[in-house]
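Residue-level structural notes
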Amino acid sequence: MMEATEIATLAPNFDLIEYFAGNGSPRFTSLNVGNPAFFKTVNEQLSGAALDDWKTYLRWRTLDTYAPALSQAFVDEDFEFSRKFMAGQKEIEPRWKRCVRSTDHSLGMALGQLYVDKVFGPDSKARTLKMVQAIEQAMHADIGQISWMSNTTRQRAYAKLNAVVNNIGYPDQWRDYSTVIVQRDDYAGNSRRAAAFEVKRENDKIQKPTDRKDWDMTPPTVNAYYRAEMNDINFPAGILQPPFYDKEMDDAVNFGAIGVVIGHELTHGFDDQGRKYDAAGNLQDWWTPEDQKAFARRAACTADEYSSFVAVKDDKGEVHLNGKLTLGENTADNGGLKLAYLALMNMIGDHRLKPIDGFTPQQRFFLAYGQIWCQNVTDRQARVLAIVDPHSPGRWRVNGAVQNSAAFQQAFSCKDGQPMVREPACRVW
Ligand SMILES: [Zn+2]
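Here is what the cut-offs are and how they apply
- Residues numbered from 1 in each chain as written.
- Predicted model: local features only at pLDDT ≥ 70, side-chain atom pairs only at ≥ 80, totals over all residues.
- Heavy atoms only, no water.
- Helix = DSSP H or I, 4+ residues; strand = E, 2+ residues; numbered from the N terminus.
- Polar contact = N/O pair within 3.5 Å; in protein donor to acceptor, adjacent residues only side chain to side chain.
- Contact = heavy atoms within 4.5 Å.
- Pairing = 2+ DSSP bridges.
- Axes fitted to C-alpha atoms, helices over the stretch in contact; angles between N-to-C directions.
- Disulfide = S-S within 2.5 Å.
- Buried < 20%, exposed > 50% of the residue type's maximum accessible area, 1.4 Å probe, protein only.

Right, let's talk about the side chain of asparagine 231 for a bit. One can find asparagine 231 in the loop between β4 (225–227) and β5 (232–236). At 3.0 Å, the side chain of asparagine 231 forms a polar contact with the backbone oxygen of alanine 279. Filtering out sequence-adjacent residues up to four positions away, asparagine 231 remains in contact with Lys160, Ala163, Val164, Val165, Arg212, Tyr226 and Ala279.

Printed below as a string of structure tokens:
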């Protein structure tokens, strides 16, 4: 946290006070500066690069942002560079898909309302909530059994877990977009006005109480998230469909897919970053020094393990994953897999469920997990992702987590020394 007067000194070459006044934000006295080094670097670049270069760069940034909303020549050029050259996409998406994506981006909560009415019934919400609660119970039991944690830290971990807010499907209240002017003949203008609406909506939160019911993702989004400052887990309706969640499937498959995602988000509250926030979402240390050391030792095992994995190997050479960059996500994957499995076992109980298609429930749990991370990526894109993406590539999200899992080895009768049996296995949680 910094005082407003201090902020100005971070980057004297860039008048931040003037900037805040100009972008319409209300007056404020203090600010959470998430990345002070960013402003230091910008400050150096401002005097380091020629003014003409800055003009070119900023002009390009503006064009790059609006290109998909401009005329055909801009749309084509944008696709050629960003999607085809960089990401290896062979052809541009059909117009209807781009339109839906654009509407989701600009007016997502309005689109989401229609989406939810059509595809996401109250029964889906109820069954998901049941899974979330089963996984939270599994975590509670798991925390109780951890040998490396003192009772003091354990009680605080319980408190944090009990305070987690579960947001499922869609927000309780829909957003009011009535001030956004939409014109049939002004596509780029529409997206600009929608973006301005969003900036204003965010600015209006300043100096107001925290709204833990405000969503960061729109309901049609196929994704999920944990917010450390809110201590909440959020599952938009869009992810509650196959292959993540299928109401026609039994628990083994759904726990292996969306169940692991739920456990993943929950574990984020206790990964290398999330553990630094308390139950109320404040950046506050609740760990005893010994437990902190034990956590760091376990996390280092995971970081080293994933650093040994190869993201891409081609004629340009080999790129390894960055174990430190991906530590939080890998911790969440490993923890999520464990919690979802425990929850499934609690659900099955003593019932000896019959195999389906020749696979036991335990095996189908892991097969479902493998299927959610099927992906297709070019070597060029894989190189970019290995440097910038805090998530491991799908292959290692699966193979990295299962080789640490005793339950996986048991389910498939793997023996010591085989590729999917890691020695020593890394387990933070
Ligand atoms: Zn994550």
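Our next topic: the environment of valine 165. Note that valine 165 resides in strand β3 (residues 165–169). In sequence terms valine 165 and tyrosine 226 are 61 residues apart; their C-alpha atoms lie 9.8 Å from each other. Not counting chain neighbours up to four residues away, the residues in contact with valine 165 comprise Arg212, Lys213, Asn231, Asp232 and Ile233.

What follows deals with the sheet that holds β3. Within a beta sheet, neighbouring strands are joined by backbone hydrogen bonds and run either parallel or antiparallel to one another. Ordered in space as β3-β5-β4, the three strands form an open sheet in which the pairing is mixed. What marks the edges here is a single partner per strand, and that holds for β3 and β4. Shown here is a sheet whose adjacent strand axes are inclined to one another by a mean of 15°, direction ignored. Pairing of β3 with β5, which is carried by five bridges, proceeds in the parallel orientation. The residue bridging asparagine 167 from the neighbouring strand is asparagine 234, located in β5.

Another aspect to go through is the state of the cysteines. Inspection of the entire model under this criterion finds one disulfide. The side chain of cysteine 301 participates in a disulfide bridge whose partner is cysteine 426; the two sulfur atoms lie 2.0 Å from each other. For the disulfide bridge between cysteine 301 and cysteine 426, the dihedral angle about the S-S bond is near -75°, and by the sign convention the bridge is left-handed. Linking cysteine 301 in helix α11 (residues 289–307) with cysteine 426 in the segment after α16 (406–411), this pair joins segments that are 125 residues apart in sequence. The class of cysteine 301 is partly exposed, set by a relative accessible area of 25%. Cysteine 426 gets classed as buried once you look at its relative accessible area, which sits at 3%.

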